[in-house]
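# Examining the three-dimensional arrangement
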Amino acid sequence: MNQTNPNVVHYWRLKAFIHCVIFLVILLILFFINQWFDLVSLPNWSVLLIIGIITVQWLFYIGFRPRLKAKYWRYKLHEDQLEIIKGIWFRNQVSIPLLRVQNIESDVGPIAKKFGIAELKVTTASQTNHLPELNAEEASRIQQSIQTSIETSLN
């Protein structure tokens, strides 16, 4: 089984950091609106408890979760199927027959482009499966091999 690229851990950390900063800005806006209009008065201990919970959550999402995801997410392209194993606590193994694939999309955002990473979305009639972020070259190679496999099976 192929593991995810080590650069993906840095990408996932940066992505989690950006999400946490956006969440922090929203919380600060809500806090200042609450202070300005005096909507809800919270005791000091509850504010400290909320800050503690958010800090622990951010440490997990930025520090530990990306490494765990990279450790447990796997994929393998066989001759006739694509196998994806994902999940940290609850393991999910998906085998996609290549004959059932209807569409393959490659998504590359601006941050992923900087890291040389692409995400593949493999769509069948019933669902869309995401491969963990891969090297852009490897994602292109997998996409091409799935397309040629489908073309040869149709002929």
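Residues numbered from 1 in each chain as written. Predicted model: local features only at pLDDT ≥ 70, side-chain atom pairs only at ≥ 80, totals over all residues. Heavy atoms only, no water.

## A look at the packing of helix α1 (residues 6-37) against helix α2 (residues 44-72)
Two numbers describe a pair of packed helices, the interaxial angle and the distance between the axes. Put simply, α1 and α2 touch, their axes get as near as 8 Å, and they point 160° apart. Accordingly, the angle class assigned to the pair α1 and α2 is roughly antiparallel. α1 and α2 meet at a crossing whose hand is right-handed. Residues Val9, Trp12, Arg13, Ala16, Phe17, Cys20, Phe23, Leu24 and Leu27 of α1 touch α2, and the partners they reach there are Ile54, Trp58, Tyr61, Ile62, Gly63, Pro66, Arg67, Lys69 and Ala70. (Axes fitted to C-alpha atoms, helices over the stretch in contact; angles between N-to-C directions. Helix = DSSP H or I, 4+ residues; strand = E, 2+ residues; numbered from the N terminus. Parallel < 35°, antiparallel > 145°, perpendicular 65-115°, else oblique. Left-handed = near helix turned anticlockwise from the far one by under 90°. Contact = heavy atoms within 4.5 Å.)

## Observations regarding the packing of aromatic side chains
Counting across every chain of the model gives six aromatic pairs. Between phenylalanine 60 and tyrosine 61, the aromatic rings sit 5.5 Å apart at their centres with planes inclined by 70°, giving edge-to-face as the arrangement. The partly exposed category is assigned to tyrosine 61, whose relative accessible area is 32%. Taking 5.7 Å as the distance between ring centres and 50° as the angle between the ring planes, the aromatic pair formed by phenylalanine 60 and tryptophan 89 counts as tilted. A residue pair is termed long-range when its members are at least 10 positions apart, and phenylalanine 60 in helix α2 and tryptophan 89 in the loop between β3 (81-86) and β4 (92-97) qualify at 29 residues. Looking at phenylalanine 60, the relative accessible area reads 25%, which means it is partly exposed. Since its relative accessible area comes to 60%, tryptophan 89 is described here as exposed. Cluster of aromatic residues (ring-pair linked, three or more members): Phe60, Tyr61 and Trp89. When the ring centre of tryptophan 12 is taken as origin, the NZ or CZ atom of lysine 69, which lies over that ring, is 4.2 Å away. For lysine 69, the ring lying beneath its charged end belongs to tryptophan 73, and the centroid distance is 5.0 Å. (Phe/Tyr/Trp six-rings, centres within 6.5 Å; stacked < 30°, edge-to-face > 60°. Buried < 20%, exposed > 50% of the residue type's maximum accessible area, 1.4 Å probe, protein only. Lys NZ or Arg CZ within 6 Å of the ring centre and 35° of its normal.)

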